Every structure is written in C-alpha cells, then in structure tokens.
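Here is what each chain is made of, one letter per residue.
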Amino acid sequence: MFAVYAESFDADEPLNALATGERPEPEVPDGWTVVDVKAASLNHHDVWSLRGVGLKEEQLPMILGGDAAGIDQDGNEVVVHSVISDPFWMGDETLDPGRSLLSERYPGTFAERVAVPRRNLLPKPAGISFTDAACLPTAWLTAYRMLFTQAQVAPGQTVLVQGAGGGVATALITLAAAAGVQVWVTSRDPDKAERTRSLGAADVFETGARLPGRVDAVMETVGAATWKHSLRSLRPGGVVVASGATSGWAAETELNRVFFLQLRILGSTMGTREELRRLLAFCEHTGVRPVVDRTLPLAEARDGFAAMTEGDVFGKIVLML
Ligand SMILES: NC(=O)c1ccc[n+]([C@@H]2O[C@H](COP(=O)([O-])OP(=O)(O)OC[C@H]3O[C@@H](n4cnc5c(N)ncnc54)[C@H](OP(=O)(O)O)[C@@H]3O)[C@@H](O)[C@H]2O)c1
C-alpha cells in the first residue's frame, strides 16, 4: 500500500528523512482491526518524528501520522483515537506509563490502511466530514483536555493562547471562545493574529507584549520563546497548561513568582477516548469545526511538511486519500 514514512532521522533538515512509496499491509494483532483511511491530518509530532524525537533507529522505516478518519471493516465511518494503551489498562489511557501514539510503536495513519485496537474507534458523526474529523484526535483533543479537563475554564474567564496559527493554537482559540471564554492570543505574525479574531479571539498581541490585565489561564505549546511571558501573565492562583514546546524545551521559571502568586503549572498530553467522544459531540452540537489550512493528496504530503516546518500554516493540514 502507498504510505508516507520516516526512513531516517535528520534533526536539522527533517524533510531529508521523509519518504513516500509502497509499504507492507499492516499486521493485525488480536483485538485490532483495519481502517481504510479517508483523511489524515498532519501534526508537529510528525515533524518531531523525522527529527528523531520519540523514535529509535531500529523502528525505521516508520509510517507517520497519528490522526485519521476512515471506514472500518464493517463499513462504519469512524474516527481513530491515537493513544494506544495496554489492553488491560483501566481508566485514563493517557496515564498508562506504557502507552504510545500511532506512529511511535505501531505504524501510523499516513497510509491507505492502518491497524488499530478495535476499542480505539469512535463513530464519526454524519454531520462532520472526514476532513474535519481527521483534525480532531490529536491537536483538537489536546486543546480540549488542556482547557476543560486541566484548566477547567469557565464562561467569563480570560485565557491567553500563546501562538495563533498552529493546529493546537487554532483549536484552543475556537473551543474556548465557543465555551464563552474571553480569549487573548499572541503571535509572531500580525496577520495570523488578526485572523484569529474570526475564530473568536477577543484581542490579539505581539509575542511577549504587555497585556491589559492578568489572565486566569495560559495555554502553552510554544515553550522557551513564551514561557516567561506565560508565567508573568497569570493572576494569583492562575494556571498555565503546557502541552508542547516548539521553540525549545528548557526555559527559565521564576520560582518566587510561582510560590508567591500560588501559580499552578500543569502538563497535558493528548486526551482520553471519552474526551474525544465529548469533543466530537461538542463539534456536532455547537457547529464548531476545525480550521483547515489546506487539503493535499497523500502523495503530496511533502508540501504539507514543508509548510509546517516553515511555520507557514493557519490551522490544520489534511492529507486526503
Ligand atoms: N502533548 C501533546 O499531546 C501534544 C499534542 C499536540 C501537539 N503537541 C505539541 O504542541 C506543539 C504545537 O503543535 P501543532 O501541531 O499545533 O504545531 P504547529 O501547527 O506547527 O504550530 C506551531 C505553533 O507554535 C507557534 N510558534 C512556533 N515557534 C514560535 C516562536 N519561536 N515564537 C512564538 N510562537 C511560535 C506558532 O505560532 P504562530 O504561527 O502564530 O507564530 C504556532 O501556533 C508542538 O510542539 C507539538 O509537538 C503536543
């Protein structure tokens, strides 16, 4: 079958590690099934994989991709939950110490077919297209958990989203605004910042700019470039939720600020199957849909990877089959 995969690693030029071509059909362990992929969306995770983050040399070649919507072997339209936990794990799948995401231990979704545990399939609501559904299982699920499970944002609160154009950032802005939260956004790019107003952002700022007031919660995926600003933007007792560090993993933390203002710093990764079910319902009932930057045929995935590594994206890039 045709697939898009990592054939090597290149920390500096990730596109050098990308390959497209024929790969063997997926193996199907007991309790797993095969999904015919209709749409799969690109995440920064796929770029990290090409850089050699989270994968070992002996796992190559590895089919990339965590997100997919498609058709199962019984003809049902399904969305794939990408968090693969131990079959006997009970409760929050993201807390299973042995869990992996598709494309980390098992081949990913950038292929004609992908094998997944049966329990990882959720019905795709008829009103949500394959393209939109393929955006939900990673970036949008991560944003959902950051806002509603970790920060427990409430209508009337103010949330700062660091970054405007990213898959997670556009999801955070859209979901928070739809939930009645006042959303402030920072971006390196004034045009991208302005575009977030159409997603519901109440106000936009340059990265690092002084804000008109302190916020209840900050959503962090940028990392080193914005971390200090995130902590300085919080009201006493506020919370910063971090799920990524695109610009760097090591950042200075003013501990006096953390204890004196009783700030909370929470990590967040992906979301549970139940959270994905709730996110699908949220989208179905509110009419909220993912921001799609562009769709590309799977064979042209390289163009999507190039746009993502250059930061030339507003929303999700979806690969179509
Ligand atoms: N923990 C998890 O489960 C999880 C899940 C999904 C994603 N992540 C991580 O979250 C991060 C974002 O993922 P994504 O898929 O949304 O990636 P993406 O689409 O490539 O978005 C990158 C974002 O980072 C911002 N950014 C990048 N460099 C910046 C800098 N130097 N200064 C300020 N802003 C900068 C961009 O803002 P502008 O374009 O507005 O400048 C954009 O919003 C990645 O590191 C990813 O690995 C983690």
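Residues numbered from 1 in each chain as written. Predicted model: local features only at pLDDT ≥ 70, side-chain atom pairs only at ≥ 80, totals over all residues. Heavy atoms only, no water.

(A) View of the site of the ligand. The environment of the ligand is formed by 26 residues, the closest being His44, Ser187, Arg188, Ser243 and Met270. Side-chain polar atom of Arg188 to an oxygen atom of the ligand: 2.6 Å apart, as the coordinates give it. Between Thr269 and the ligand, the recorded distance is 3.4 Å, taken from a side-chain N or O atom to a nitrogen atom. Protein chains shield 89% of the accessible area of the ligand, which is 920 Å² for the free molecule. More than half of the atoms belonging to the ligand lie within 2 Å of the grid points that define the largest pocket. Listing elements by their share of the shell around the ligand, those giving two or more residues are helix H1 (44-51), helix H3 (136-150) and helix H4 (167-178). Among the elements that take part in the shell around the ligand, H4 stands out by supplying three residues, more than any other. Of the residues contributing to the shell around the ligand, the split by class is nine nonpolar, 15 polar and two charged. Shared between two domains, the shell around the ligand takes at least three residues from each, and those domains are domain 1 (2-135 + 290-320) and domain 2 (139-267). (Near = heavy atom within 4 Å. Polar contact = N/O pair within 3.5 Å; in protein donor to acceptor, adjacent residues only side chain to side chain. Areas by Shrake-Rupley, 256 points an atom, 1.4 Å probe, with all protein chains shown as cover. 1 Å grid on protein atoms, 1.4 Å probe; cavity = no way out; pocket = protein on both sides within 12 Å on 5 of 7 lines; lining within 4 Å. Sits in = over half its atoms within 2 Å of the grid points. Helix = DSSP H or I, 4+ residues; strand = E, 2+ residues; numbered from the N terminus. Nonpolar A, V, L, I, M, F, W, Y, C, P; charged D, E, K, R; others polar. Domains from an automatic or database assignment.)

(B) Looking closely at the side chain of Thr142. Along the polypeptide, Thr142 turns up in helix H3. Residue classification places Thr142 among the buried positions, given a relative accessible area of 7%. (Buried < 20%, exposed > 50% of the residue type's maximum accessible area, 1.4 Å probe, protein only.)

(C) Spotlight on the sheet that holds strand E12 (residues 182-187). Strand order in the open sheet formed by six strands is E13-E12-E11-E14-E15-E16, with parallel pairing between adjacent strands. Two strands in the sheet have a free side with no partner beyond their single neighbour: strand E13 (203-206) and strand E16 (264-267). Direction aside, neighbouring strands of the sheet carry axes that sit 20° apart on average. Packing of H3 onto the sheet brings it into contact with strand E11 (158-162), strand E14 (215-220), strand E15 (234-242) and E16, and relative to E14 it is tilted by some 150°. Strands in contact with H4 are E11, E12 and E14; relative to E12, the strand with the most contacts, it is inclined by about 160°. (Pairing = 2+ DSSP bridges. Axes fitted to C-alpha atoms, helices over the stretch in contact; angles between N-to-C directions. Contact = heavy atoms within 4.5 Å.)

(D) Seen up close, the pairing of strand E6 (residues 77-80). Where strand E5 (residues 69-71) lies against E6, three bridges are found, and the strand directions are antiparallel. Of the residues in E6, the one forming a bridge with Gly70 is Val78. The antiparallel hairpin formed by E5 and E6 contains five residues in its connecting segment, where Gly75 sits at a positive phi of about 85°. In terms of strand pairing, E6 meets strand E10 (residues 121-123) through three bridges, oriented antiparallel. Within the sheet, the bridge partner assigned to Val80 lies in E10 and is Leu121.

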